[in-house]
Amino acid sequence: FFQSQIGKGLNAETLSMELARDNRDIIDRLPNSQIDSMISMLKTHRDGRYLEFLGVLCVCDGIAIADNQEYICQKLLKDHAQGSGVVYLTEPTADQTMEISVDHGKSWKSLVEFAKRGKDGHSAEYMFLEHQLDLFVKLCYGRNKYVIEVITEELRYLTWDEVFISLKDDALPNGLRAKYCELVIGMFVDVAPNYSALETL
């Protein structure tokens, strides 16, 4: 019932998300069609709660769910990579600052100005960016090599330069920089074949 109410203004997205959060039984029973429906709604209404819901399906009680990570990566990122992208794009400039596009590359603006205006006004666009970065962390969680390569190399949604420039830019809000720190770890540090030196002691 709750799934049928998603997108109808009844806050069913939040309820469904909390029911599924860290509940492997529910997550495993959700069909791929539910993920498809959520991504379809993102195409018409960019609501950060939809991204948060997708993130809940990627990690349960600290354990990565690789099948969901890779399915969401395929449907959200790869299938919509050309011309009808759902997620925001970022790219570095010649002077080592970041720009962001919310219309799939048609226009660009300073990430610092975007974040400042968005954070001050708590805009839906700024919140969407935060949820998008959180989702990328969860898509890569557990060293998912396939997803990491899609995001950083194949489609280049986030490269090392983009993540590092954003992390070290003290003009960005601290909360946003913290998310880029998580991405540095999840996409470039805690990846195969790297391992913790403590494991060898």
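Another point: the overall build of the chain. A count of helices and strands for the chain gives eleven helices and five strands. Within the chain, buried positions represent 44% of all 201 residues. Counting contacts in the chain only where the partners sit at least 6 residues apart, residues at least 24 apart contribute 60% of the total. Within the structure as shown, the chain displays about 10,500 Å² of accessible surface, and the carbon and sulfur contribution to it stands at 51%.

Once that is clear, we can look at the sheet that holds strand 3 (residues 89-92). Judged by pairing direction, the sheet is antiparallel, and its three strands sit side by side in the order 3-4-5 without closing on themselves. Here the strands that pair on one side only, and so sit at the sheet edges, are strand 3 and strand 5 (109-110). By the bridge criterion, two bridges tie strand 4 (residues 98-101) to strand 5 in an arrangement that is antiparallel. Looking at strand 5, one finds that Ile100 is bridged to Lys109. The strands that helix 10 (residues 160-168) touches are strand 3 and strand 4; relative to strand 3, the one it contacts most, it runs at about 85°.

All right, on to the packing of helix 4 (residues 32-44) against helix 6 (residues 66-78) then. Axis angle and axis distance: for two packed helices, these are the angle between their axes and the distance between the axes, and together they describe the pair. Interhelical geometry of helix 4 versus helix 6 gives an angle of 35° and a closest axis separation of 10 Å. Note on packing geometry: the crossing formed by helix 4 with helix 6 is right-handed. Contacts between helix 4 and helix 6 pair Asn32, Ile35, Asp36, Ile39 and Leu42 from the former with Asn68, Tyr71, Ile72, Lys75 and Leu76 from the latter. When grouped by side-chain class, the residues that make up the contact of helix 4 with helix 6 number six nonpolar, two polar and two charged.

Here we take up unusual backbone geometry. With an omega of 5°, the peptide bond running from Ala192 to Pro193 counts as cis. Structurally, the position occupied by Pro193 is in the segment after helix 11 (174-189). For Asp61, which is not glycine, the phi torsion reads 50° and is therefore positive. Considering the arrangement of structural elements, one finds Asp61 in the loop between strand 1 (59-60) and strand 2 (63-64).

A few words now on the environment of Leu89. The residue Leu89 is located in strand 3 in this model. Put simply, Leu89 and Gly105 are 16 residues apart on the chain and 6.9 Å apart in space, counted from C-alpha to C-alpha. Ignoring any residue separated from it by four or fewer positions in sequence, one finds Leu89 in contact with Glu99, Ile100, Ser101, His104, Gly105, Trp108 and Tyr157.

Tallied over the entire structure, the rule returns zero disulfides. Just so you know, Cys58 is unpaired, no disulfide at all, and the nearest cysteine sulfur is the one on Cys140, 9.4 Å from it. The class of Cys58 is buried, set by a relative accessible area of 0%.

What follows is about the packing of aromatic side chains. Working definition: an aromatic ring pair is given by the centre-to-centre distance plus the angle between the planes. Counting across every chain of the model gives five aromatic pairs. Geometrically, the ring pair formed by Tyr88 and Phe114 is edge-to-face, given 6.3 Å between the ring centres and 90° between the ring planes. Of this pair, Tyr88 sits in the loop between helix 6 and strand 3 while Phe114 is found in helix 7 (residues 111-121), placing the two residues 26 residues apart along the sequence. With respect to burial, Tyr88 and Phe114 carry one shared label: buried. Residues Phe136 and Tyr157 carry aromatic rings whose centres are separated by 6.4 Å and whose planes lie at 50° to one another, so their mutual orientation is tilted.

Here we take up the pairing of strand 4. The pairing of strand 3 with strand 4 spans four bridges and is classified as antiparallel. Across the sheet, residue Thr90 finds its bridge partner in strand 4, namely Ile100. Counting the residues that bridge the hairpin from strand 3 to strand 4 gives five residues, and of these Gln96 lies at a positive phi of roughly 65°.

Quick notes on the rules
Residues numbered from 1 in each chain as written. Predicted model: local features only at pLDDT ≥ 70, side-chain atom pairs only at ≥ 80, totals over all residues. Heavy atoms only, no water. Helix = DSSP H or I, 4+ residues; strand = E, 2+ residues; numbered from the N terminus. Buried < 20%, exposed > 50% of the residue type's maximum accessible area, 1.4 Å probe, protein only. Contact = heavy atoms within 4.5 Å. Areas by Shrake-Rupley, 256 points an atom, 1.4 Å probe, with all protein chains shown as cover. Pairing = 2+ DSSP bridges. Axes fitted to C-alpha atoms, helices over the stretch in contact; angles between N-to-C directions. Left-handed = near helix turned anticlockwise from the far one by under 90°. Nonpolar A, V, L, I, M, F, W, Y, C, P; charged D, E, K, R; others polar. Disulfide = S-S within 2.5 Å. Phe/Tyr/Trp six-rings, centres within 6.5 Å; stacked < 30°, edge-to-face > 60°.

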